[in-house]
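The chain contents come next:
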Amino acid sequence: MLVKGASVLKAAKKGKYAVGAFNINDLEMLKAVTVACVEEKAPVIIQTTEKAIKYAGIDYLVGMTRVAATEDIPMALHFDHGKDLNLMKQCIKKGYTSVMFDGSKLPFKKNIAQTKKVVAMAKGKASVEAELGVIFGKEDSVSASKGLYTDPKMAKEFVKKTKIDSLAVAIGTKHGLSKKEIALGKKKGHLKLRFDILKEIHEDVNVPLVLHGGSDVPHSDIKKCIKLGICKVNIDTDLRVAFTDFVKKFSKEHPDVYDPREFLGPTVHAMKNVVKIKVREFGATQKA
Ligand code: G3H
Ligand code: 13P
Ligand code: ZN
């Protein structure tokens, strides 16, 4: 069933696990996430960025998700990294049950003022996530060359003044593919997570905390994050990689196949396996 984002996050905070929030752009990704979470009996957040909406169309995304949400697991539909308030308004009107306002690059006071506007706009219809600090990395519409860690004192003031339902924190994770290259020593970067900052935020702030850039973060780090208040982990890149790797391999091995169903079908299976592993790592299995 389709539920508010805050309802799955409240349960996760109470139960000390994290809900997987998976970015989708098309039917294959949505099916993979849905089937995996039904099999795991796990609550889930389906999320789409502004670029996903530009690509697929808001009505297709809402329509497909409404069908997926007929499954017997709690499912929220979330607008990820929203900056365009008109589009956000449309999302809420069309049935999104959760929105993120990404004012992370705005000055503190402006971020508070804009976030308050979003909270007022979403009141009674959708839950609101907002971000303080900037997540490292670059991925299309979401980019930051220099990360800026969340300041715990500012986080406390931000949550108090805006009355958001959940807070996205910057503690050293990155969006996109570059983490693998950093781990392999091919690129410079900051892979070390600042658990000290997360601990302070957790002590000062009462709302569920959100970890962006969750792909490729080791299970041991995810576990520590959940202990320190992370209730939602965002995953996009890991699904893109599973999808694209499969298509590349398939077209190399079968250059003569021209029926897209022959390679799109198995991509669902490849992504489903990734989602299942993540959901288990987040402790969300059997929590639906
Ligand atoms: O964090 C957000 C996404 O991973 C970037 O996605 O390419 O759909 O904007 P996008
Ligand atoms: P990844 O690029 O690590 O999958 O992060 C996704 C994300 O944070 C979406 O908001
Ligand atoms: Zn993100």
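Residues numbered from 1 in each chain as written. Chains lettered and ligands numbered in written order. Predicted model: local features only at pLDDT ≥ 70, side-chain atom pairs only at ≥ 80, totals over all residues. Heavy atoms only, no water.

Mapping Glu-131 onto the fold places it in strand S5 (residues 127-132). No salt bridge is formed by the buried Glu-131, whose closest oppositely charged neighbour, Lys-83, lies at an N-O distance of 7.9 Å. A distance of 3.4 Å separates the side chain of Glu-131 from the side chain of Ser-104, its partner in a polar contact. Discounting chain neighbours no more than four positions away, the residues touching Glu-131 are His-81, Met-100, Phe-101, Asp-102, Ser-104, Asn-111, Phe-158 and Ala-168. (Helix = DSSP H or I, 4+ residues; strand = E, 2+ residues; numbered from the N terminus. Buried < 20%, exposed > 50% of the residue type's maximum accessible area, 1.4 Å probe, protein only. Lys, Arg positive; Asp, Glu negative; His and termini not counted. Salt bridge = Lys/Arg side-chain N within 4 Å of Asp/Glu carboxyl O. Polar contact = N/O pair within 3.5 Å; in protein donor to acceptor, adjacent residues only side chain to side chain. Contact = heavy atoms within 4.5 Å.)

What follows covers the coordination of the zinc ion (ligand 3). Metal coordination angles have textbook ideals: 109.5 degrees for a tetrahedral set of four donors and 90 or 180 degrees for an octahedral set of six. At this site the zinc ion (ligand 3) is bound by His-81 (NE2), His-175 (NE2) and His-212 (ND1), with donor distances of 2.1 Å. The sequence pattern formed by the donor residues of the zinc ion (ligand 3) is H-x93-H-x36-H. Taken together, the positions of His-81 in strand S3 (residues 75-82) and His-175 in strand S9 (residues 174-175) put the pair 94 residues apart, joining distant regions of the chain. The two residues His-81 and His-175 agree in class, both being buried. (Donors = N, O, S within 2.8 Å, 3.2 Å for Na, K, Ca; no water.)

On the surface, a cluster of positive charge is contributed by Lys-116, Lys-156, Lys-160 and Lys-163. Note on placement: Lys-160 falls in helix H7 (residues 152-162). (Patch = residues over 30% accessible without salt bridge, like charges linked within 9 Å, V, L, I, M, F, W, Y side chains within 5 Å. Areas by Shrake-Rupley, 256 points an atom, 1.4 Å probe, with all protein chains shown as cover. Charge placed at Lys NZ, Arg CZ, Asp CG, Glu CD.)

Considering all chains together, one arrives at three cavities of 30 Å³ or more under this definition. In this structure, the second largest cavity encloses a volume near 50 Å³. The wall of the second largest cavity is formed by Gly-5, Ala-6, Leu-9, Ile-45, His-78, Ser-98, Ser-127, Val-128, Glu-129, Asp-165, Ser-166 and Lys-232. Listed by contribution, the elements that provide at least two residues to the lining of the second largest cavity are helix H1 (5-15) and S5. A class-by-class count of the residues in the lining of the second largest cavity yields four nonpolar, five polar and three charged. (1 Å grid on protein atoms, 1.4 Å probe; cavity = no way out; pocket = protein on both sides within 12 Å on 5 of 7 lines; lining within 4 Å. Points joined across faces, edges and corners; volume = space filled by probe spheres on them. Nonpolar A, V, L, I, M, F, W, Y, C, P; charged D, E, K, R; others polar.)

Before going further, it helps to spend a moment on the site of ligand 2. Close to ligand 2 lie 17 residues; Asp-80, Gly-176, Ser-215, Asp-236 and Thr-237 are nearest. Separating an oxygen atom of ligand 2 from a side-chain N or O atom of His-175 is a distance of 3.1 Å. With respect to ligand 2, the side chain of Thr-237 contributes an N or O atom lying 2.6 Å from an oxygen atom. Looking at the shell around ligand 2, the elements that each hand over two or more residues are S3, S9 and strand S11 (230-235). For the shell around ligand 2, the per-class residue count stands at one nonpolar, eleven polar and five charged. (Near = heavy atom within 4 Å.)

Given two aromatic rings, their pairing is described by the distance between the two centres and the angle made by the two planes. Counted under the stated rule, the structure contains four aromatic pairs. Between Phe-79 and Tyr-96 the ring centres are 6.3 Å apart and the planes differ by 85°, which places this aromatic pair in the edge-to-face class. With a gap of 17 residues between them, Phe-79 in strand S3 and Tyr-96 in the loop between helix H5 (85-94) and strand S4 (98-101) connect regions that are remote in the sequence. Residue Phe-79 shares its accessibility class with Tyr-96, and that shared class is buried. A ring pair is formed by Phe-250 and Phe-263, whose centres lie 5.8 Å apart and whose planes are at 45°; its orientation type is tilted. With Phe-250 in helix H11 (residues 237-253) and Phe-263 in helix H12 (residues 260-281), this residue pair connects regions lying 13 residues apart in the sequence. Three or more aromatic residues joined by ring pairs make a cluster, and in this case those are Phe-246, Phe-250 and Phe-263. (Phe/Tyr/Trp six-rings, centres within 6.5 Å; stacked < 30°, edge-to-face > 60°.)

On to the packing of H7 against helix H9 (residues 195-204). Where H7 contacts H9, the two axes come as close as 9 Å, and the packing angle between them is 30°. Both H7 and H9 take part in a crossing whose hand is right-handed. Counting all contacts with H7, which are made through Pro-152, Lys-153, Ala-155 and Lys-156, the residues of H9 involved are Ile-197, Glu-200, Ile-201 and Asp-204. For the contact of H7 with H9, the per-class residue count stands at four nonpolar, no polar and four charged. (Axes fitted to C-alpha atoms, helices over the stretch in contact; angles between N-to-C directions. Left-handed = near helix turned anticlockwise from the far one by under 90°.)

Pairing is parallel around the closed barrel formed by eight strands, whose spatial order is S1-S2-S3-S4-S5-S8-S10-S11. Along the sheet, successive strands turn relative to each other by an average axial angle of 25°, direction set aside. Strand direction decides the pairing type here: S5 and strand S8 (residues 166-169), joined by four bridges, are parallel. Note on S8: the bridge partner recorded for Glu-131 is Ala-168. Seen against the sheet, H5 touches S3 and S4 and runs at an angle of roughly 170° to S4. (Pairing = 2+ DSSP bridges.)

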